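An overview of the molecular structure
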2 protein chains.
Amino acid sequence: MNPTIHDVARQANVSISTVSRVVNQPLAVRKEKRDRVLQAIEQLGYEPNPFASGLRDRATKTIAAMIPDITNPFYAELFRGIEDIAREQKNNVIICNTDQDEARFLEYMSYFKKKKIDGLIFVSAAVTDAHHATFAELQVPVVLAATDGERFGLPYVKVNDYAAASDAASFLIKNGHRSIGVISGPADDPIAGIPRLAGFRDALAAYGLPHGANAVAYGTYDFDSGYEAMRKLYGTMPELTAVFAASDAMALGAMAFLQRRGMEVPRQISIIGFDNISLSRMVTPALTTVAQPVYEIGKQAAAMLFRRIGNPQDEAQSLVLGHEIVVRDTVWNRN
Amino acid sequence: MNPTIHDVARQANVSISTVSRVVNQPLAVRKEKRDRVLQAIEQLGYEPNPFASGLRDRATKTIAAMIPDITNPFYAELFRGIEDIAREQKNNVIICNTDQDEARFLEYMSYFKKKKIDGLIFVSAAVTDAHHATFAELQVPVVLAATDGERFGLPYVKVNDYAAASDAASFLIKNGHRSIGVISGPADDPIAGIPRLAGFRDALAAYGLPHGANAVAYGTYDFDSGYEAMRKLYGTMPELTAVFAASDAMALGAMAFLQRRGMEVPRQISIIGFDNISLSRMVTPALTTVAQPVYEIGKQAAAMLFRRIGNPQDEAQSLVLGHEIVVRDTVWNRN
DNA sequence: GGATTTTTTGAAAAGCTTTTCAAAAACAGA
DNA sequence: TCTGTTTTTGAAAAGCTTTTCAAAAAATCC
C-alpha cells in the first residue's frame, strides 16, 4: 500500500492541509515545517495519488495525439517531437492512430470526453466541420500540426506548402528542366494536395512554362500510389525530364517504377520529393527533396499546446516554419 | 458539468448503488429497474468518472509501451500491433521512447509507479537485472516483445532468432554462395546480436564452411552503422559474394555503400536482411530478407498482456512466432 | 506591552465511484 | 396464508486529494 498524505502528516506531525501545501505551493508554509514535511515525504516515498487529485481538479497530465498512422515515418518523426516535449513537461501522451477513419476518430473522441485529457494535438489531416464541433465539446485546448486551422481559428504549426512547392519548381527550372510532371496528393486535399500543386504550377507559369492536366497524376502520398502515378505519368508524357512528387514516399514509388523499368535516375528522369523523411537519404541515389522540419513541427505544436493549457485565455499564435531544399542525388543539372 | 451517478439515480428513481450495478454487473439488477436506469443513462449521457473509479479500484485502462524509438520503422510497426489490440480492449497506450537510455527508462518507471498503469509492454531491448527489479516494484503484469525474458521468467513474444539466422545462411548457400560476410548487431547484445550471429555461423559450419572473425563486422542495427560495417567488411574480404545483415536498416546501409561504390547488387554482391520492415520493398532492387511478423508480435504481446491483467494468477505462456524468408531481388543465384 | 494586521495552520467539505452489509422484497414450499 | 430462502435494493463507508474558511500564531505598529 502506498503511503498517503495522512501518513506523511502524521509522521511530520502536521495536518494534511500543510502537507498538501508543501507539495503544491511550498512557499506558503513556514520553512521549519516545510523541512519536516519534506523529510517525511522523502522517508516514506510519498507520491500524491493522481486519481484523487484528478478527481478534484481534473488535470491529468496527459495529452493525446491524433495521427493518421504511426507506421508512416513522417508521422512517426513528428510524433517523436511531440513526445519529447511532453516528457519535458512531465506529461504522458496517448497516441491515436485514426487511419483517416471517421468512426475511429469519433471513438477516440468520445473516449477522451470521459477519460479526461488536458489537451489534444491533431496531426496532418484536414479539419472538417464535424471535427471542429467535436473539438469544441472536448473543452480542452487543441493544436493542429502539419495542417491548417485558419478556417476555424484553431492554432496550427505547419510549413508554407504553397511556397515550398513553388521553390521546388524553381529548383527544377534552374537545373534546366522544362518538361516537368507532378505527382500530386488527392485533388480534394486542402492541406498538402491543393496548395502544393498550385504552388508548383504557379511557379511554372511564372517562368512561362504551361502545365497541362496531362502533366499531373494523383496519388495518396504512399509508396504504391507513387509507383502507379509514375506509370500513368510516363504513359502520357514520355518526354518529361523531371518529376515533382508531393511526398517522399510517392517520390520513392516513382523512383522504383523508373528504376525497375531500367531507366536511370536522375540522368534520364530527375525526381524531387517533399518531406525529407529519414528514408530519403537511404535509397540510392539519395532523394533530393523539399524538407519540412517534421520533428520541429511536432515539438512546436506540443510546446504551443502546453502554453495553451497553462494560459487558456490568451490567443494562440499559429506558426509557419521554414522549409528548405535538401539537395542530394536525384536531380540532374541539364545546363 | 458532467452528469454524475447521483443524477442518474435521481432521474431513474433508484439508489446510486443500483446505477453502479447496472453499469458494472447488469445481471444483478431486475430488468424493470435496469431498463429505467439504462434509459436515464442514455438521456443524461452519463459516463462514469474514471478518476473516481480509479481512486477506488485502481484500474486505469491504460497500458504503457516502452520502445527504443518510435521513429524506427520496425518499432513503429510493432507498436501499431500493440495499439490496435489496446483499442479493441478500450484501453489507451502511453508510449515511451527510451532511446536505450537508462535514465530515461527510470524516469518513466517512477512516473508509472505513481500514475498507475494496468500493464507494461517492454520492447526489443535486453532485460537487465535493474530492469527486472524495477518491473517487480511496479506490481503490474509485464510482457516482453521481440526480446527474451527466459532468465527472469517474464513472458515474451518473439521469433527464434537463432533459427531464423540459420535459415538465412541456408538460403544463401543454396543459392551457391560460399564466401559470405555478416553484419552483426553488437557482440554483447543477447537478443538480436549473439543469437543471429551464432545461428548464421553454425549453419555455415554445418555446411562445412568455415567462418572467421574477419568475415563479420558489427553495427548497431541502423542504416549508418550498416554502411560503415560494409565498408570494413569489403576492405578485409573483397572476395565475398554475399552478405547477411542482422537488420534491414543495416542491409540498406550496406546496399547503399555498395551501390555508391558502383557495385551491382545483387550481381556482384548479394544481400539478405532481417526484419522485413516496410522500406525493404521500396528500395531498388527490393531487399530479400528474413521476415519477422513484427505487427503480429505487437498484437500477440498486447493480447497476452491483457490476458495477464485479467488473470494475474495464471502462468503466462511465452510465444515463439514463425519467421520466413521473403525472396525479393537482392540475392543472386550463382548456381 | 497591547492592539492590530498579516501570515500560517488545521478542520472539514467536496469531488464521484464501488462495495459491503443489512434491510426489504420477491419467491418457494407446505 | 405463513415460514423460510433467495434475490434485489439502499445506506454508508472508503478511497485520497485540494481548497475554503475560520482560528491560531506571528509580526508590526504605537
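Quick caveat: nothing in here was measured; it's all calculated off a predicted structure.

**Some remarks on the overall build of chain A**
- Across its full length, chain A holds twelve helices and twelve strands.
- Against the compact-globule benchmark of 20 Å for 335 residues, chain A has a radius of gyration of 26 Å, which places it well outside the compact range.
- Dimensions of chain A, computed from the C-alpha atoms along their principal axes, are close to 85 × 35 × 30 Å.
- Among the 335 residues that make up chain A, the fraction classed as buried is 56%.
- A fraction of 71% describes how many contacts in chain A between residues 6 or more apart in sequence connect residues 24 or more apart.
- One way to put it: in chain A the 35 positive side-chain charges average out to a point 6 Å from where the 37 negative ones average out.

**Quick notes on the protein's contact with DNA strand D**
- Taken together, 28 residues surround DNA strand D, and among them A:Ile5, A:Tyr46, A:Arg56, B:Thr18 and B:Arg21 come closest.
- For DNA strand D, the fraction of protein-proximal atoms (within 4 Å) that sit in sugar or phosphate groups is 59%.
- Take A:Ser20: an N or O atom from its side chain is 2.8 Å from a phosphate oxygen of DNA strand D.
- Between DNA strand D and A:Asn49, the relevant distance is 3.3 Å, taken from a phosphate oxygen to a main-chain nitrogen or oxygen of the residue.
- For the surface near DNA strand D, the secondary structure elements donating two or more residues are helix H1 (5-12), helix H2 (16-24) and helix H4 (50-57) of chain A together with helix H2 (16-24) and helix H4 (50-57) of chain B.
- At five residues, the largest contribution of residues to the surface near DNA strand D is made by H2(A).

**Things to note about the UniProt feature "domain: HTH lacI-type" (unreviewed entry) in chain A**
- Using the residue numbers shown here, the UniProt feature "domain: HTH lacI-type" (unreviewed entry) corresponds to residues 3-57 of chain A.
- The annotated region residues 3-57 of chain A carries 71% helix and 0% strand content, and the separation between its end C-alpha atoms amounts to 21 Å.

**Quick notes on the packing of H1(A) against H2(A)**
All names here are of chain A.
- Two elements in contact, H1 and H2, have axes separated by 8 Å at closest approach and are oriented at 105°. The angle between H1 and H2 places the two elements in the roughly perpendicular class. Across the interface between the two elements, Ile5, His6, Val8 and Ala9 of H1 pack against Ile16, Val19 and Ser20 of H2.
- A breakdown of the residues in the contact of H1 with H2 according to their chemical character gives five nonpolar, two polar and no charged.

**Some remarks on the pattern of salt bridges**
All names here are of chain B.
- Inspection of the entire model under this criterion finds 28 salt bridges over all chains.
- Between arginine 196 and aspartate 161 there is a salt bridge, with its nearest N and O atoms 2.7 Å apart. In this pair, arginine 196 is assigned in helix H9 (residues 194-206) and aspartate 161 in helix H8 (residues 161-174), connecting sequence segments 35 residues apart.
- By relative accessible area, arginine 196 is classed as buried at 6%.

**Details of the sheet that holds strand E10 (residues 288-291) of chain B**
All names here are of chain B.
- Strand order in the open sheet formed by six strands is E7-E6-E8-E9-E10-E12, and the pairing between neighbours is mixed. Looking along the sheet, the strands with just one partner apiece sit at the ends: strand E7 (216-218) and strand E12 (324-326). The average undirected angle you get between the axes of adjacent strands in this sheet is 20°.
- One ladder, built from four bridges, connects strand E9 (residues 270-275) with E10; its direction is parallel. Counterpart to isoleucine 272 in the pairing with E10 is threonine 288.
- Strands strand E6 (180-184), E7 and strand E8 (242-245) of the sheet are contacted by helix H10 (residues 223-236), whose axis makes an angle of about 145° with E6.

Thresholds, definitions, all that
Residues numbered from 1 in each chain as written. Chains lettered and ligands numbered in written order. Predicted model: local features only at pLDDT ≥ 70, side-chain atom pairs only at ≥ 80, totals over all residues. Heavy atoms only, no water. Helix = DSSP H or I, 4+ residues; strand = E, 2+ residues; numbered from the N terminus. Rg over C-alpha atoms; globule rule 2.2 N^0.38 Å. Buried < 20%, exposed > 50% of the residue type's maximum accessible area, 1.4 Å probe, protein only. Contact = heavy atoms within 4.5 Å. Lys, Arg positive; Asp, Glu negative; His and termini not counted. Charge placed at Lys NZ, Arg CZ, Asp CG, Glu CD. Near = heavy atom within 4 Å. Polar contact = N/O pair within 3.5 Å; in protein donor to acceptor, adjacent residues only side chain to side chain. UniProt positions renumbered as here; feature names shortened; annotations may be inferred. Axes fitted to C-alpha atoms, helices over the stretch in contact; angles between N-to-C directions. Parallel < 35°, antiparallel > 145°, perpendicular 65-115°, else oblique. Nonpolar A, V, L, I, M, F, W, Y, C, P; charged D, E, K, R; others polar. Salt bridge = Lys/Arg side-chain N within 4 Å of Asp/Glu carboxyl O. Pairing = 2+ DSSP bridges.

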